[in-house]
Amino acid sequence: MSNRINTVTTDVLDIGYEEGGPQGGPLVLLLHGWPDDVRGWRRITPHLEQAGFRWVAPWLRGFGATHFRSDNAIRDGSAVALAQDAIDLADHLGYSKFSVVGHDWGARAAYTLSALFPERLSCITALALAYSPRGKFPTPTFEQSRRWWYQWFMATDRGAEAVRADPKSFARLQWDTWSPGGWFNDAEFQATAKSFENPDWTNITLNAYRSRWKAEPSDNRYAQLKERLESVEKLHAPTLMIQGDIDNCDPASESEGQDRHFTGAYRRALLNGVGHFPAREAPSEVANHLLSHLRTSIYEEGKTRL
């Protein structure tokens with residue numbers, strides 16, 4: 001495993017990433033969530049390497065080592081933009097086919113990749129986030145609205161100003177409340193929160209959440225992909241969804257009964273005593289489910305090709 005930061009340059013970004021595992025192994029793209037960074041995969045990647053998988057973990061746009069190339073680029077935090085970033089990264093690395101594992105924002109990007117680029121995927125794994133058909137954000141229940149207070153807070157101008165003034169404290173509050181206590185220490189949060197010092201972290205954060213509920217600036221280069229996404233109801237790539245049963249942000253009830261949205265293999269794994277950060281809270285359990293899914297999906301894909 002290498003913690004050295006590598007970089008590829010796309011039309012929009014300089015994408016920083018970590019990588020490891022055998023060069024010839026099947027690629028697994030690891031997409032972190034919010035508020036997190038590539039450190040969230042550090043206890044998963046040794047399992048992938050031992051099993052013979054190549055892995056690449058990029059910082060998402062606006063996080064850590066990933067930077068916009070132009071001051072004039074719209075800081076679009078949509079899932080479609082994140083999905084296109086993943087495709088651009090895979091293209092630059094020379095991979096036409098790969099698997100995706102995503103947590104939170106990364107999970108939404110994984111679903112979006114499955115909707116828009118199914119031919120590129122061997123399988124996807126989504127942690128802590130249910131699938132939303134057509135990329136829509138339905139009005140949540142009153143109960144779920146209480147959990148999503150942070151989104152409403154950012155949707156106000158004064159709330160956005162407060163987040164800009166103290167982004168790390170805002171992120172720390174989510175770590176403190178989205179999972180049962182005791183899963184991290186202050187040193188780990190501070191090490192991860194260095195990624196939130198990226199000058200565009202708040203820009204991307206605010207655009208991503210505010211645009212769900214109100215009009216926000218959007219990069220026209222993604223307009224056709226967003227239009228295509230609105231027509232996709234069902235996903236075809238083999239999918240594993242990993243859900244903590246004590247997730248105080250996106251509870252288990254939100255991901256129940258989703259089988260009908262998947263035409264390919266679909267399985268939901270419910271982890272006991274786990275909150276919103278499964279890869280950090282229960283890495284061995286997550287790795288076991290993940291490796292089983294990867295092996296099965298790639299084996300079935302190979303049989304189909306034969």
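Residues numbered from 1 in each chain as written. Predicted model: local features only at pLDDT ≥ 70, side-chain atom pairs only at ≥ 80, totals over all residues. Heavy atoms only, no water.

Digging into helix 8 (residues 186-193)
Working step 1: For helix 8, the complete set of buried residues consists of E188, F189, T192 and A193. The buried residues of helix 8 occupy an angular sector of 130° when the element is viewed end-on, so they sit on one face.
Working step 2: On its buried face, helix 8 is in contact with helix 7 (167-177) and helix 11 (278-281).
Working step 3: Its side-chain oxygen at 3.3 Å from the backbone nitrogen of A187, N185 defines the N-terminal cap of helix 8. (Buried < 20%, exposed > 50% of the residue type's maximum accessible area, 1.4 Å probe, protein only. Helix = DSSP H or I, 4+ residues; strand = E, 2+ residues; numbered from the N terminus. Arc of directions from axis to C-beta. Contact = heavy atoms within 4.5 Å. Polar contact = N/O pair within 3.5 Å; in protein donor to acceptor, adjacent residues only side chain to side chain.)

Structural notes on the nonpolar core
Working step 1: Residues W34, L48, V100, W105, L113 and Y150 are the most contacted members of the largest nonpolar core, which totals 95 residues.
Working step 2: Aside from chain neighbours lying at most four places away, what touches W105 is H32, G33, W34, L60, F63, L82, I204, T205, A208, Y209 and R212. (Core = buried A, V, L, I, M, F, W, Y, C linked by side-chain atoms within 4.5 Å.)

Some thoughts on the packing of aromatic side chains
Working step 1: Enumeration according to the criterion identifies 30 aromatic pairs in this entry.
Working step 2: Over the aromatic face of F68 sits the side chain of R75, whose NZ or CZ is 4.2 Å from the ring centroid. (Phe/Tyr/Trp six-rings, centres within 6.5 Å; stacked < 30°, edge-to-face > 60°. Lys NZ or Arg CZ within 6 Å of the ring centre and 35° of its normal.)

Concerning the environment of R146
Working step 1: Along the chain, the position of R146 falls in helix 4 (residues 142-147).
Working step 2: The exposure class of R146 is exposed, given its relative accessible area of 70%.
Working step 3: Between the alpha carbons of R146 and S231 there is a distance of 30 Å; along the sequence they are 85 residues apart.

Quick look at unusual backbone geometry
For residues that are not glycine, phi is negative in most cases, and the peptide bond is trans in most cases.
Working step 1: Along the chain, W34 connects to P35 via a cis peptide bond; the corresponding omega equals -10°.
Working step 2: Phi at D104 is positive, roughly 55°, even though this residue is not glycine.
Working step 3: Here D104 is to be found in the loop between strand 6 (98-103) and helix 3 (105-116).
Working step 4: Notably, R134 is not glycine yet its phi reads approximately 65°, a positive angle.
Working step 5: On the secondary structure map, R134 appears in the loop between strand 7 (121-127) and helix 4.

Observations concerning the packing of helix 7 against helix 8
Working step 1: Where helix 7 meets helix 8, the closest approach of the two axes is 11 Å, and the angle between their N-to-C directions is 130°. Classified by the angle between their axes, helix 7 and helix 8 sit oblique to one another. Considering the relative orientation of helix 7 and helix 8, their crossing is right-handed. Judged by residue contacts, K168, A171, R172 and W175 of helix 7 engage D186, E188, F189, T192 and A193 from helix 8.
Working step 2: Split into classes, the residues belonging to the contact of helix 7 with helix 8 amount to four nonpolar, one polar and four charged. (Axes fitted to C-alpha atoms, helices over the stretch in contact; angles between N-to-C directions. Parallel < 35°, antiparallel > 145°, perpendicular 65-115°, else oblique. Left-handed = near helix turned anticlockwise from the far one by under 90°. Nonpolar A, V, L, I, M, F, W, Y, C, P; charged D, E, K, R; others polar.)

Points about the environment of A265
Working step 1: Within the secondary structure layout, A265 lies in the loop between strand 8 (239-244) and strand 9 (266-271).
Working step 2: Residues A265 and Y131 lie 134 residues apart in sequence; the distance between their C-alpha atoms is 14 Å.
Working step 3: Ignoring any residue separated from it by four or fewer positions in sequence, one finds A265 in contact with A237, P238 and T239.

Re a nonpolar patch on the surface
Working step 1: Residues W149, F153 and L173 make up a contiguous nonpolar surface patch of about 240 Å² in total accessible area.
Working step 2: With respect to the element layout, F153 can be found in helix 5 (residues 149-155).
Working step 3: Judged by its relative accessible area of 32%, F153 is partly exposed. (Patch = residues over 30% accessible without salt bridge, like charges linked within 9 Å, V, L, I, M, F, W, Y side chains within 5 Å. Areas by Shrake-Rupley, 256 points an atom, 1.4 Å probe, with all protein chains shown as cover. Salt bridge = Lys/Arg side-chain N within 4 Å of Asp/Glu carboxyl O.)

Some points on the pairing of strand 8
If a strand is regular, its side chains alternate between the two faces of the sheet.
Working step 1: Summarising burial for strand 8: six of the six residues are buried, a large majority.
Working step 2: In strand 8, alternate side chains face the same way, and those of T239, M241 and Q243 on one face and L240, I242 and G244 on the other are all buried.
Working step 3: Judged from the four bridges that link them, strand 7 and strand 8 form a sheet pairing that is parallel. Considered in strand 8, the bridge of T125 is made with L240. (Pairing = 2+ DSSP bridges.)

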